[in-house]
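A look at the structure
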Amino acid sequence: MRVTVTGTGYVGLVTGVCLAEVGHSVICYDVDQPKIEKLKAGISPIYEPGLEELIRKNLDQNRLSFTSRVEQAYQDQEIIIVAVGTPEKEDGSANLCYLERAAEQIGKSINRDTVVVIKSTVPIGTNEKIIKQIRGIVPPEINVEIVSNPEFLREGAGIEDTFNGERIVIGSNHDEAAKLVEELYQPFSIPVVRTDLRSAEMIKYASNTFLATKISFINEMANLCEKMGSNIEDVALGMGLDSRIGHQFLRAGIGFGGSCFPKDTKALENIANQNDFEFKILQSVIEVNSEQKQKLFVRAKELMGSVTGKKAAVLGLAFKPNTDDVREAPSIDLINSLLNEQAEVVAYDPVASEKMKSIFEERIEYASSPELAIEDAELAFIVTEWPQIKRMPLELFKDRMKTPIILDGRNCYSLEEARSARVSYISIGREKIIHFQKVKR
Ligand code: NAD
């Protein structure tokens, strides 16, 4: 099929490349010209395992092309998949300006019957508004239909998830259009959930807010464990073995970040508020998360009194491992708090430092290895559980840091390891291990 994917971000680029890989003829369109130039040269503008290889392979085989020219993108295509960003506005609602701009360009450019697929995460009722907008622009002889097809891939596993997803949601009020989109995805052999537009839009928000709820639940449980002398790791294991509960998303930590959960929880809360519905669980999920993001900093202050002038290593900047995405990452909250109290911050991340530079610029130092980041530090915060961070021997912290105080937001080490390494080790939902600190000479 001839397909255009609008927006070459984490979702659009991965989707476009994977559709080309299964044999479709795909044009990826983006308004960001430098990004398109990179892509034309076979360079991925984002870090996503395996992506660059697939881009190059499909460029070589002429199934994939990139453009920033709107006519080239939208003329003569059967399907246009829109995967532009829907970031959070100040009031928590989803900003639909990129989507509306794309709809306008589609309406002005298409020259044949086309199915427009909205993959971006959008508030309930948006697909109906967008199709109305497009139909208001296109000449009457052209038939346009809309399909809601929310995306569930995880950053860092985007390609794997596209090929082995657990479901494809196809929402439409038009049977033929839905069938065409089902056909598009048929090579992936993934179960399809067919529904109407509004239910498809809701499935995406319901899924993300449910996962966020699991995270906030286990984090809140961890906070209670700390008070009660229970160990959250054992509690989560004991809970997760119950197949009705499961292990996934029961890892206590320093809160969820990323480009989806924070904005989607707030957007759904906003949708509920706008419709006179008080979504009480969701309000708590959001509140618990924003407190949890401050947790390591609060613990550091409790321990040290003040962090002013202290050298703090921040290990991991991306909101999770295997991505360079720092949007809403807990590291940002932590670094802001440390800088506000005039701590000296040295950060390490294997791939996300460049993106973080656009936020903190030269206000923090960027180390090229975790070992260099902790050198002479008085505090080390473990924020992202990258393999190269969590496999660092605790002895290394003791040898390199001025005072080996580790605040681990991802519970990377066992308490036994920490005890025998004789470091101070504060983790989430577990006993604190405090050692008398010897200052490194
Ligand atoms: P992103 O910010 O990484 O990429 C969006 C891209 O769209 C950018 O490259 C931007 O230049 C481009 N763009 C903006 N306006 C455009 C226009 N008019 N025409 C063409 N291109 C345009 O976004 P993302 O993370 O890929 O997310 C896209 C959507 O998918 C969002 O709604 C998000 O909530 C949803 N989603 C994201 C993920 C994820 O893991 N990132 C997962 C599931 C769903």
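Worth saying up front: this structure is predicted, and the values here are computed from it rather than measured.

The rules behind each value
- Residues numbered from 1 in each chain as written.
- Predicted model: local features only at pLDDT ≥ 70, side-chain atom pairs only at ≥ 80, totals over all residues.
- Heavy atoms only, no water.
- Helix = DSSP H or I, 4+ residues; strand = E, 2+ residues; numbered from the N terminus.
- Rg over C-alpha atoms; globule rule 2.2 N^0.38 Å.
- Buried < 20%, exposed > 50% of the residue type's maximum accessible area, 1.4 Å probe, protein only.
- Contact = heavy atoms within 4.5 Å.
- Areas by Shrake-Rupley, 256 points an atom, 1.4 Å probe, with all protein chains shown as cover.
- Lys, Arg positive; Asp, Glu negative; His and termini not counted.
- Charge placed at Lys NZ, Arg CZ, Asp CG, Glu CD.
- Core = buried A, V, L, I, M, F, W, Y, C linked by side-chain atoms within 4.5 Å.
- Pairing = 2+ DSSP bridges.
- Axes fitted to C-alpha atoms, helices over the stretch in contact; angles between N-to-C directions.
- Parallel < 35°, antiparallel > 145°, perpendicular 65-115°, else oblique.
- Left-handed = near helix turned anticlockwise from the far one by under 90°.
- Nonpolar A, V, L, I, M, F, W, Y, C, P; charged D, E, K, R; others polar.
- Near = heavy atom within 4 Å.
- Polar contact = N/O pair within 3.5 Å; in protein donor to acceptor, adjacent residues only side chain to side chain.
- Domains from an automatic or database assignment.
- Buried area = accessible area lost by both parts, 1.4 Å probe.
- Salt bridge = Lys/Arg side-chain N within 4 Å of Asp/Glu carboxyl O.

Points about the overall build of the chain
Each helix and strand counted, the chain has 19 helices and 14 strands in total. Over its C-alpha trace the chain gives a radius of gyration of 24 Å, about what one expects of a compact globule, namely 22 Å for 441 residues. Reported as C-alpha extents along the three principal axes, the dimensions of the chain are approximately 80 × 45 × 35 Å. Counting only residues that meet the buried cut, the chain has 54% of its 441 residues in that class. In the chain, the proportion of contacts linking residues at least 24 apart, taken out of those at least 6 apart, comes to 71%. Counting only carbon and sulfur atoms, one obtains 50% of the accessible surface of the chain, whose full area is about 19,700 Å². Counting 53 positive and 65 negative side-chain charges, the chain places the centres of these two groups 3 Å from one another.

Considering the nonpolar core
Counting 64 residues, the largest nonpolar core has V314, L338, F381 and F397 as its most contacted members. Among all residues touching F397, those that are not within four sequence positions of it are L315, I374, A380, I382, M392, P404, I406 and Y413. A20, V26, I46 and I81 belong to the second-largest nonpolar core, a separate cluster that totals 36 residues.

A few points about unusual backbone geometry
With phi around 70°, D76 is a residue other than glycine that occupies positive phi space. With respect to the secondary-structure elements, D76 resides in the loop between α4 (70-74) and β4 (79-82). On the basis of relative accessible area, D76 is assigned to the partly exposed category, the value being 43%. With phi around 55°, Q342 is a residue other than glycine that occupies positive phi space. For Q342, the position within the fold is in the loop between α14 (330-340) and β10 (344-348).

Some thoughts on the environment of G92
In this structure, G92 sits in the loop between β4 and α5 (97-109). As a C-alpha pair, G92 and D276 span 184 residues in sequence and 16 Å in three-dimensional space. Not counting the four nearest positions on each side in its chain, G92 is found in contact with K263, K266, A267 and N270.

Brief notes about the sheet that holds strand β14 (residues 424-426)
Overall, parallel pairing links the six strands, which are arranged β11-β10-β9-β12-β13-β14 in an open sheet. In the strand order of this sheet, the two ends are held by β11 (365-366) and β14, each with one partner. Bridging between strand β9 (residues 311-315) and β10 involves five bridges; their strand directions are parallel. What sits directly across from L315, in β10, is Y348.

Quick look at the packing of helix α9 (residues 197-228) against helix α12 (residues 280-292)
Each pair of packed helices can be described by the angle between their axes along with the distance between the axes. Two elements in contact, α9 and α12, have axes separated by 9 Å at closest approach and are oriented at 55°. Of the possible angle classes, the one that applies to α9 and α12 is oblique. Between α9 and α12 lies a crossing whose hand is left-handed. Two secondary-structure elements touch here, α9 through T209, A212, T213, S216, N219, E220 and N223 and α12 through I281, L282, V285, V288, N289 and Q292. For the contact of α9 with α12, a count of residues per class yields five nonpolar, seven polar and one charged.

So, the site of the ligand
Around the ligand, the surrounding shell holds 29 residues, and the nearest of these are D30, K35, T86, E155 and K263. At 2.7 Å from a nitrogen atom of the ligand is found a side-chain nitrogen or oxygen belonging to E155. Here the ligand loses 90% of its free accessible area of 840 Å² to cover by the protein chains. Of all the elements in the fold, those that place two or more residues in the shell around the ligand are α1 (10-21) and α5. In terms of residue count, α5 provides more of the shell around the ligand than any other element does, four residues in total. Mapped onto the domain boundaries, the shell around the ligand takes at least three residues apiece from domain 1 (2-195) and domain 2 (203-291).

Thoughts on the domain arrangement of the chain
Frequently, the measure chosen for interface size is the accessible area that the parts lose on association. Here the domain parsing of the chain yields domain 1 (2-195), domain 2 (203-291) and domain 3 (293-426). For domain 1 and domain 2, the distance between their C-alpha centres works out to 29 Å. The interface of domain 1 with domain 2 comprises 19 residues on the first partner and twelve residues on the second. Approximately 1,200 Å² of surface area, both sides summed, lies buried where domain 1 meets domain 2, with 61% of it carried by carbon and sulfur atoms. Among the ionic pairs, E88 bridges to K266, the shortest N-O distance being 3.4 Å. When grouped by side-chain class, the residues that make up the side of domain 1 that touches domain 2 number nine nonpolar, five polar and five charged.

Points about the side chain of S337
Following the sequence through the fold, S337 ends up in helix α14. Polar contacts involving the side chain of S337 include one to the side chain of Q294, which spans 3.0 Å. When residues no more than four places from it in sequence are discounted, the contact partners of S337 are Q294 and F297.

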